[in-house]
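Okay, here's what each chain looks like letter by letter:
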Amino acid sequence: MQRTVQNELEDIRNRGLLRSTRLVSGSQAARVTCNNRDVLLLCSNNYLGLADHPVLAAASIAAIQQYGTSSGASRLVSGTMELHERLEHAVASFKKSEAALLFNSGYAANTGIIPALVGRGDVVFSDRINHASIVDGILLSGARLVRYPHNDYRQLALLMEKHAKGRSLIVSDGVFSMDGDIAPLAELVDLKRKHAALLMIDDAHGCGVLGAQGRGSAELLGVGSDVDIQMGTFGKALGSFGAYVAVSAELRELLINRARSFIFSTSLPPSVLAASHAAIELVQTAEGDRLREQLSANTRFFRSSLAEAGFNIPPGSTQIVPIVIGSTITTMQFSEALLSEGLFVQGIRPPTVPVGTSRLRFTLMSSHTHNDLVGAVERISRIGHTLGVV
Ligand SMILES: Cc1ncc(COP(=O)(O)O)c(C=O)c1O
C-alpha cells in the first residue's frame, strides 16, 4: 500500500510519538501563560533570563534604527556588516581564541562545520548521545561515523586504535542537551593528541553558564586552548539567536570557503547581532556572576530535592535536570498532569533520546525563585507517586 501523509501521521500517533507545539504568551520568563493559565516555565533554555533583559532589548532596537532589519544576503555576497565583525571579535576575545565565525543557528553551524572539515575516507568519532545537528553534519559529510558509548573515553580509545585512519575528528556535546552531564574533555584532548585528530565541542548548553565568566565547559575543565573547534549558540543562556565557532584564523578561513550553511544563507540580521553582542558583554560582568550564582543555587536545590524524593536522575551538576522514566506513555501523562497543575515541562521521547529512556527534561533559570521551585518539587513528587514513577 502506498504510504500517504495520513498513514504516516497515524503511525506516529499510534506509537505515542506525535509532536505538536504549545502556544505560550509573553516572553520566556519564569512564568508564562499556556493554555490560558499562568504556569511556571521549566523547559526553556533561557538559563540566565537574558531573553527579556532590557540591555539586550535596547541594543537590538538601536541596531535596527541604525542598520535596518536585514543583512540583505550571505556575507560573501553583500558584505560583512560592522556588527558581524564586532561580534566575532567579542566572541574570540571571550573564548580566548584566535578567531571566530558566526553561523545562523547551532543547527546550521554543526551541519556546516563538520562537512567542511571531513569527507569521504575520513572518520568521525561521535558520542552516542550527541545532538541531532551533529549527527546530521556527520551524515552530510560522507565521512565514516564511529559512535562511542556515552562519555566512555576508554571505549573511545579502543575504537580510535582500531579505526583512526586518514583524517579523524572527535566530536562531543560539552554539556549533553538531554542528560545535563559534561563531557570528559581532558581525556578527549589526550586522545586527540595521541591520534593527531581534531577535537570539536558543541557548547550550546555550557556557554554563558559554565567556567569563569561563563566561557563554557572547556574553560571549566581547564582545556580551553586545547579544543580545536569550540562551537556555541546565542539562543540559550545568551538570550539571543544564532551560533558561533571559536577557532584558529586558518580554520576560520577554511570554513568561510567550505561551510555551505555559511556560504549559501542570508547572514544574521542587525537586531540579533546587537543582542548577542550585549549578552557576551553582560555575562562577563558582576551581573553575569550574580545570575550564574542564582542559577547554580536553583540547580543544587532542585537536583537534591528530586533525588531525595526518590526520582531517577542521572548524575550531573548542570541546569539541565532529567527525570528518566522509560515509558513514553507515562512520560507524556506526567507532563500533561504537571501542566494541569501549573508546571510547564516537556516530555522527551525517541528519536530525541534512545528508545526506553523517555524522560521529563527540566531546565532551570536564574529567574526562578526559591518558592517557585519548592512548589514545583511538591507537585512533581505528588504526581510522580500517583503515576508510580517513584
Ligand atoms: C547541543 C546542541 N547543539 C546544537 C543545537 C542547535 O542550536 P540552535 O537551536 O541554535 O539551532 C542545540 C539546540 O537546539 C543543542 O542542544
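Bear in mind that the values here come from a model prediction, so they are computed numbers and not experimental data.

J.: What's the story with the domain arrangement of the chain in this structure? I'm lost.
T.: Where interface size is quoted, it is often the accessible area lost as the parts come together. Examined at the domain level, the chain breaks down into domain 1 (5-52 + 288-386) and domain 2 (69-283). Taking only C-alpha atoms into account, the centre of domain 1 sits 26 Å from that of domain 2. Taken residue by residue, the interface counts 21 residues in domain 1 and 19 residues in domain 2. At the level of secondary structure, the elements contributing two or more residues to the side of domain 1 that touches domain 2 comprise helix H13 (286-308) and strand E11 (320-326). Grouping the constituent residues of the side of domain 1 that touches domain 2 by class yields twelve nonpolar, seven polar and two charged.

J.: In this structure, what is going on with the site of the ligand? I would like to understand it.
T.: The immediate surroundings of the ligand are formed by 14 residues, with Ser 105, Gly 106, His 131, Ser 177 and Ala 204 found nearest. Broken down by element, the residue count for the shell around the ligand peaks at three residues, all from helix H5 (residues 106-117). Its residues assigned to classes, the shell around the ligand comprises three nonpolar, nine polar and two charged.

J.: Explanation requested: the sheet that holds strand E1 (residues 24-25) in the structure shown.
T.: Think of a sheet as strands paired side by side through backbone hydrogen bonds, with each pair either parallel or antiparallel. The four strands lie next to each other as E1-E2-E3-E12, forming an open sheet whose pairing is mixed. Since the sheet does not close on itself, it has two edges, and those belong to E1 and strand E12 (343-344), each with one partner. Sheet analysis places strand E3 (residues 37-41) next to E12, joined by two bridges and oriented parallel. Looking at the pairing, Leu 40 lines up with Leu 343 of E12.

J.: Before we go on, may I ask you to explain the sheet that holds strand E7 (residues 168-173) in this structure?
T.: One open sheet holds the seven strands; their spatial order is E4-E10-E9-E8-E7-E5-E6, and the pairing between them is mixed. Across the chains shown, the open sheet's two edge strands, defined by having one partner strand only, are strand E4 (99-103) and strand E6 (144-148). Averaged over all pairs of adjacent strands, the angle between their axes in this sheet comes to 20°, without regard to strand direction. In this structure, strand E5 (residues 123-127) lies alongside E6, joined through five bridges in parallel fashion. Counterpart to Val 124 in the pairing with E6 is Leu 145.

J.: Any chance you could explain the nonpolar core here in plain terms?
T.: Generally speaking, a soluble globular protein has its nonpolar side chains buried in company with each other. Ile 113, Val 124, Tyr 244, Val 245 and Ala 279 are the most contacted members of the largest nonpolar core, which totals 111 residues. Among the elements that take part in this core, helix H12 (residues 270-283) stands out by supplying nine residues, more than any other. Counting residues domain by domain, this core receives three or more from each of domain 1 (5-52 + 288-386) and domain 2 (69-283).

The rules behind each value
- Here, residues in each chain are numbered from 1, in the same order as that chain's written sequence.
- This being a predicted model, a pLDDT of at least 70 is required before a residue's local features are given, and a value of 80 or more before pairs of side-chain atoms are given or counted; all residues contribute to the totals for chains, interfaces and linings.
- Either an automatic procedure or a domain database provided the assignment from which the domain bounds are taken.
- By the convention adopted here, residues are in contact when the distance between their C-beta atoms, placed from the backbone, does not exceed 7 Å.
- Secondary structure elements follow DSSP: runs of H or I no shorter than four residues count as helices, runs of E no shorter than two count as strands, and numbering proceeds from the N terminus.
- Here the nonpolar group is Ala, Val, Leu, Ile, Met, Phe, Trp, Tyr, Cys and Pro; Asp, Glu, Lys and Arg are the charged ones; every other residue, Gly included, is treated as polar.
- What makes a residue near a molecule or strand is its C-beta atom, placed from the backbone, lying within 6 Å of it.
- Here a strand pair is declared whenever DSSP counts at least two bridges between the two strands.
- To get an axis, fit a line to the C-alpha atoms, keeping to the stretch in contact for a helix; angles then go from 0 to 180 degrees between the N-to-C directions.
- Think of a nonpolar core as buried Ala, Val, Leu, Ile, Met, Phe, Trp, Tyr and Cys residues chained together by C-beta atoms that fall within 7 Å.
- The exposure label follows from counting other C-beta atoms within 10 Å of a residue's C-beta, where the C-beta atoms are placed from the backbone and the thresholds are 20 or more for buried and 12 or fewer for exposed, leaving partly exposed in between.

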